[in-house]
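Listed here are the chains, written in short residue letters.
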Amino acid sequence: MQLAHRLRSAREAAGLSLAAMAASVNLHKSVVSRMENGKRTIRPEYVQAYARVLNISVESLYAFAPDEFSTPVQDRDDSLIGVYEHDPSGSSGADPITSGVASLRMALDRWDTPPDGNIRSLPALRTAVRRLNAHRLQARYSALSLELPDVLDELARAVAQATCESREEALRLATLAYRAADGLAYKSGFLDLSARIVDHMRRLAAQADDPLVQAAVSYVRTETFFVTGDLATARRALTSAADNVGHREGSSVSALAAVGALHMRAAVVAARAYDPGDAWAHLAEARRCTQHVPEGIYLGTAFGPASLRIHDLAVAVELGDSPASVQRATVWQPPDDLPAERRSHYYIDLARAQLDLEHSEDAYRSLQRAHSIAPQHTREHPGVRQTVHRLLATGYTSSSPVPGLVLRESRH
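Reference entry: report on the structure contained in this document. Quantities reported herein were computed from a predicted structural model and do not represent experimental measurements. (Residues numbered from 1 in each chain as written. Predicted model: local features only at pLDDT ≥ 70, side-chain atom pairs only at ≥ 80, totals over all residues. Heavy atoms only, no water.)

1. Topic: the packing of aromatic side chains
Considering all chains together, one arrives at four aromatic pairs under this definition. Seen from their ring centres, Trp332 and Tyr346 are 5.4 Å apart, and the 80 degrees between their planes marks the pair as edge-to-face. Taken as a pair, Trp332 in the loop between helix 16 (322–329) and helix 17 (340–356) and Tyr346 in helix 17 lie far apart in primary sequence, 14 residues in all. Exposure class is identical for Trp332 and Tyr346. Each is buried. (Phe/Tyr/Trp six-rings, centres within 6.5 Å; stacked < 30°, edge-to-face > 60°. Helix = DSSP H or I, 4+ residues; strand = E, 2+ residues; numbered from the N terminus. Buried < 20%, exposed > 50% of the residue type's maximum accessible area, 1.4 Å probe, protein only.)

In structure tokens:
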């Protein structure tokens, strides 16, 4: 039984109408309808929202669904897209990501009492933090998992031993290092750890008293609301953070990049809540900022004209505007100098739009492209797995499959 069918069956068994469920999970009725009919990606936070409303466990919703969330790796004959390299429960330490996450948990636990060790100069620590975030942006999660724990311990020592003059910079660097840590946790499915990291980042940023760093944390905090399905709070928090930066920091390039990124993310949140007017309004605000901000990485977030175009596609896909999404994609592709994670997102979203139009071969090719750009990110992206399942449901088989993108039904 497909996950979409499970959601519909569970709702109907509880005696809830489609409209009642939509209101309860804070989604537009058409979004819920498309999910239950297998025509829209079912994000993990939507499943959690269903479970909360129906007062049942998330596991019971996934229990009989033939997808990556319900079946342990060892019980499958093959995965549908590459090899799922780790267990988000943290029960196995066999692979680099799981081992690295275990060490990351320890570093977070002992933040206020780090082990003894050396402390490099602040310029050297800046270089180390930039390297961590470069790993995150390029979706090099295995490399990130190996380097993170030692740097986090070193930054904890730096903050504890800093003088008044250097403490604020050490706190700022620690916040950005944990930004990279959250990327590893969230993208790899360790959502409980991600929530802990976001709370820690908020405390560090508050002590640093840097509104731009606080804006970067507000951008990341949206992940917590995605998991809980609290899109209304996410929108308020992002808008408030953007207003705060605008009022305090004026129109410097860094401030405009921070404001633009917050509006860019708010647009996606509004689209998920199926509020087209608000979504396009936030994109318009972000577009205004790009007029004065070149494409670049600002406090760990890619922002600029190209990043905005990628979010324009994401918003259109969330709103179900697949024909326009596909049409725009025929005349533009993300430049090669954009971070791999962001470029792969573009093709993952494009595949969803193409499949909505029943362009199965095009959708598969877009997933191929995403995989070639960022293999780890693509393999572990829940939207990719659901697109693959939708392809399988249509009976599609590729005439020229590639390694890492295996279209093969699981057997239970």
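2. Brief notes about the nonpolar core
Formed by 69 residues in total, the largest nonpolar core has its most connected members in Tyr178 and Ile197. Per-element tally for this core: the top contributor is helix 9 (residues 164–187), with 11 residues. Leaving out residues up to four positions away in the same chain, Tyr178 has contacts with Leu104, Ala107, Leu108, Trp111, Leu152, Ile197, His200, Met201 and Leu204. The next biggest cluster of nonpolar side chains, apart from the first, holds 58 residues, and it includes Leu18, Met35, Ala49 and Ala271. (Core = buried A, V, L, I, M, F, W, Y, C linked by side-chain atoms within 4.5 Å. Contact = heavy atoms within 4.5 Å.)

3. Focus: the environment of Tyr274
Within the secondary structure, Tyr274 is located in the loop between helix 13 (253–272) and helix 14 (276–290). Relative accessible area serves as the criterion here: at 26%, Tyr274 is assigned to the partly exposed category. Tyr274 has contacts with His28, Ser30, Val31 and Leu319, leaving out every residue within four places of it along the chain.

4. Comments concerning the environment of Arg235
Within the secondary structure, Arg235 is located in helix 12 (residues 231–249). Expressed as a C-alpha distance, the spacing of Arg235 and Val269, which sit 34 residues apart in the sequence, is 6.5 Å. Setting aside anything within four residues of it in sequence, one finds Arg235 in contact with Val269, Ala270, Ala273, Asp275 and Asp278. In this structure the side chain of Arg235 is engaged in a polar contact, spanning 2.6 Å, whose partner is the side chain of Asp275. (Polar contact = N/O pair within 3.5 Å; in protein donor to acceptor, adjacent residues only side chain to side chain.)

5. Thoughts on helix 20 (residues 382–393)
Between its terminal C-alpha atoms helix 20 stretches 17 Å, which fits the 16 Å expected from 12 residues at 1.5 Å a residue. For helix 20, a buried count of 10 out of 12 residues is recorded, marking the element as mostly surrounded by other parts of the structure. Every buried residue of helix 20 is listed here: Gly383, Val384, Arg385, Gln386, Thr387, Val388, His389, Arg390, Leu391 and Leu392. Of the surrounding elements, those touching the buried residues of helix 20 are helix 1 (3–13), helix 17, helix 18 (360–373) and helix 19 (375–379). Gly395 sits one or two residues past helix 20 and shows a positive phi near 85 degrees. (Expected span 1.5 Å × (residues − 1).)

6. Quick word on the pattern of salt bridges
Evaluation of the coordinates by the stated rule reveals 21 salt bridges. Where Arg34 meets Asp356, a salt bridge forms, and the shortest distance between an N and an O atom there is 3.4 Å. Note that Arg34 is positioned in helix 3 (residues 29–36) and Asp356 in helix 17, a separation of 322 residues in sequence. Taking relative accessible area as the criterion, Arg34 reaches 27% and is therefore assigned partly exposed. Given the relative accessible area of 24%, Asp356 is considered partly exposed. Across the salt bridge formed by Asp192 and Arg105, the nearest N and O atoms sit 3.4 Å from each other. Of the two residues, Asp192 sits in helix 10 (residues 191–208) while Arg105 sits in helix 6 (residues 96–109), which places them 87 residues apart along the sequence. Exposure remark for Asp192: the relative accessible area of 48% places this residue in the partly exposed category. Classification of Arg105 as partly exposed rests on a relative accessible area of 23%. Several salt bridges converge on common partners, so that one network encompasses Arg126, Glu169, Arg172 and Asp210. (Salt bridge = Lys/Arg side-chain N within 4 Å of Asp/Glu carboxyl O.)

7. A look at unusual backbone geometry
In the Ramachandran plot, Asp209 falls in the positive-phi region, its phi being about 55 degrees despite a non-glycine side chain. By secondary structure assignment, the location of Asp209 is in the loop between helix 10 and helix 11 (211–228).

8. What about helix 16?
Within an α-helix, residues lying three or four positions from one another point in the same direction, as the helix has 3.6 residues per turn. Considered for burial, the residues of helix 16 that qualify are Ser322, Ser325, Val326 and Ala329. Projection of helix 16 onto a plane perpendicular to its axis shows the buried side chains occupying an angular sector of 90 degrees, all on one side. Of the surrounding elements, those touching the buried residues of helix 16 are helix 15 (305–318) and helix 17. (Arc of directions from axis to C-beta.)

9. Regarding the packing of helix 10 against helix 11
Two elements in contact, helix 10 and helix 11, have axes whose closest approach is 9 Å; the angle formed by their N-to-C orientations is 155 degrees. Between helix 10 and helix 11, the angle is such that the two are roughly antiparallel. As for how helix 10 packs across helix 11, the hand of that crossing is left-handed. Contacts between helix 10 and helix 11 pair Leu191, Ser194, Ala195, Val198, Met201, Arg202, Ala205 and Ala206 from the former with Val213, Gln214, Val217, Val220, Arg221, Glu223, Thr224 and Val227 from the latter. (Axes fitted to C-alpha atoms, helices over the stretch in contact; angles between N-to-C directions. Parallel < 35°, antiparallel > 145°, perpendicular 65-115°, else oblique. Left-handed = near helix turned anticlockwise from the far one by under 90°.)

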